[in-house]
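Examination of the molecular architecture
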Amino acid sequence: MASRQKGVPGSLVLPLALGLAACSPAAPQPAPRPGVPARAGASSSAPPASAASTARSQAPSRPTRPLTVPEARAYMVALINENRARMNLPPVELDAGPATAAGQAHADDMARLGYLGHWGSDGSVPEQRHTEAGGVDMVLENALCYVDERPRTLDPDARIDPVQIERAEAMFFDEVPPNDGHRRNILKPTHTRVGIGIAQPIATPTELPVPCISQEFVDGYGEYEPVPREAKVGATLHVAGKLGRGAVPTGVGLARVDLPQRLAPAELNKRRSYPVPKAYQMYWTKGFVTPIPLDVQGERFQIDVPLSDAGRPGLYEVSIWGKVAGATDHAMLGLRTIVVR
């Protein structure tokens, strides 16, 4: 969807557009053993908010001056939490670590090249950028930027008009079903943190500076043992960790896509939605037909699995699945990438 920036003189109008990663993972259906009832497939839906989440926050005061990028991030989080409070949802915190680092890299890339999408110009995807920044959780991305494919120089000391932050959050939140993916992402009950990337070009005689923005929402369910950044095809991968917040581990998935390649802005602008790759192999707990059973001891889990999708190299994605307290469906709780050659 494309939208024009309001309130800017005609010769200085910047085209903005929105994009949302369609990050609802494909639903894996574990094959039951004879005599064992089938379990429900995965769902990205979250359990209802608890009674503790009903506290409403007051609307944040509008800043009276241009904001630094850190200040603009904080203001956007305040606006996100105002919108969540409207729906009796708990607030999210700013993730100043991997989620913001990944979001900032993507916002910079979009603003510098004039495109909108969830692939980067280096061919990266949201979970890859989050992993490379040190993230381990499932990440869901909202993005806003230009689509004119014009190169721009970024302002290293940008001052952000707070009205632009309000407008961006309103464009995300004021969507109407069924085309309301950004809004649903903001209102996912289980989100606990969000990273914010904000990149603004230097003003020119024909262009007012308008920021490009990336929101990176994470849920923070687990603590996971490290996995390698790179590996060889056929290598054995040790996946282990511990879930929290009442989640019970139920599975580990492996997916594969081709290795990233550089993409031109014109191609990037064609790629609006982004589906998380479907696992080519799922590993479940004992009681299901599975090539290797996932060892689960309470909240802890571990498994050793081969990194090989028919012997092909690629970007492999390691997903952690579990059941969240109060839910009957499996949900993807962690997602990391490995370059396999």
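Residues numbered from 1 in each chain as written. Predicted model: local features only at pLDDT ≥ 70, side-chain atom pairs only at ≥ 80, totals over all residues. Heavy atoms only, no water.

Looking at the side chain of serine 319
- For serine 319, the position within the fold is in strand E16 (residues 314–323).
- Since its relative accessible area comes to 5%, serine 319 is described here as buried.
- If we ignore the near neighbours within four places in the chain, the residues touching serine 319 are Gly251, Val252, Gly253, Met332, Gly334 and Leu335. (Helix = DSSP H or I, 4+ residues; strand = E, 2+ residues; numbered from the N terminus. Buried < 20%, exposed > 50% of the residue type's maximum accessible area, 1.4 Å probe, protein only. Contact = heavy atoms within 4.5 Å.)

Let's talk about the environment of glutamate 149
- For glutamate 149, the location among the structural elements is in the loop between strand E5 (139–145) and helix H4 (162–173).
- By relative accessible area, glutamate 149 is classed as partly exposed at 36%.
- In this structure, glutamate 149 is in contact with Leu113, Gly114, Pro265, Ala266 and Asn269, ignoring residues within four places of it in sequence.
- A distance of 3.1 Å separates polar atoms of two side chains, one belonging to glutamate 149 and the other to asparagine 269. (Polar contact = N/O pair within 3.5 Å; in protein donor to acceptor, adjacent residues only side chain to side chain.)

Description of the sheet that holds strand E12 (residues 281–284)
- Read from one edge of the open sheet, 5 strands run E9-E17-E16-E11-E12, paired in mixed fashion. Taken across any chain shown, the strands that pair with only one partner, and hence form the sheet edges, are strand E9 (230–231) and E12.
- Sheet topology places E16 next to strand E17 (residues 331–340); 9 bridges connect them, and they run antiparallel. In the strand pairing of E17, leucine 315 is matched with valine 339. (Pairing = 2+ DSSP bridges.)

What about the packing of helix H1 (residues 69–86) against H4?
- Interaxial distance between H1 and H4 falls to 10 Å at its minimum, and their mutual angle equals 35 degrees. You can see that H1 and H4 cross each other, and the crossing is right-handed. Facing H1, whose interface residues are Ala72, Tyr75, Met76, Leu79, Ile80, Asn83 and Arg86, H4 presents Pro162, Ile165, Glu166, Ala168, Glu169 and Phe173.
- Partitioning the contact of H1 with H4 into residue classes produces 9 nonpolar, 1 polar and 3 charged. (Axes fitted to C-alpha atoms, helices over the stretch in contact; angles between N-to-C directions. Left-handed = near helix turned anticlockwise from the far one by under 90°. Nonpolar A, V, L, I, M, F, W, Y, C, P; charged D, E, K, R; others polar.)

Some remarks on the environment of isoleucine 213
- By the element assignment, isoleucine 213 lies in strand E7 (residues 212–218).
- Given a relative accessible area of 0%, isoleucine 213 falls into the buried group.
- Along the backbone, isoleucine 213 and glutamate 169 are 44 residues apart, and their C-alpha atoms lie at a distance of 9.6 Å.

Some details on the pairing of E7
- The buried fraction of E7 amounts to 7 of the 7 residues, a majority that puts the element mostly inside the structure.
- Every second residue of E7 is oriented toward a common face, with Cys212, Ser214, Glu216 and Val218 on one face and Ile213, Gln215 and Phe217 on the other, all of them buried.
- As judged from the 6 bridges shared by E5 and E7, these two strands associate in the antiparallel manner. Counted as the bridge partner of valine 139 is valine 218 from E7.
- Across 7 bridges, strand E6 (residues 193–199) lies against E7 in antiparallel orientation. Bridging from a neighbouring strand, glycine 197 pairs with serine 214 of E7.

Shape descriptors only; they carry no functional weight alone.
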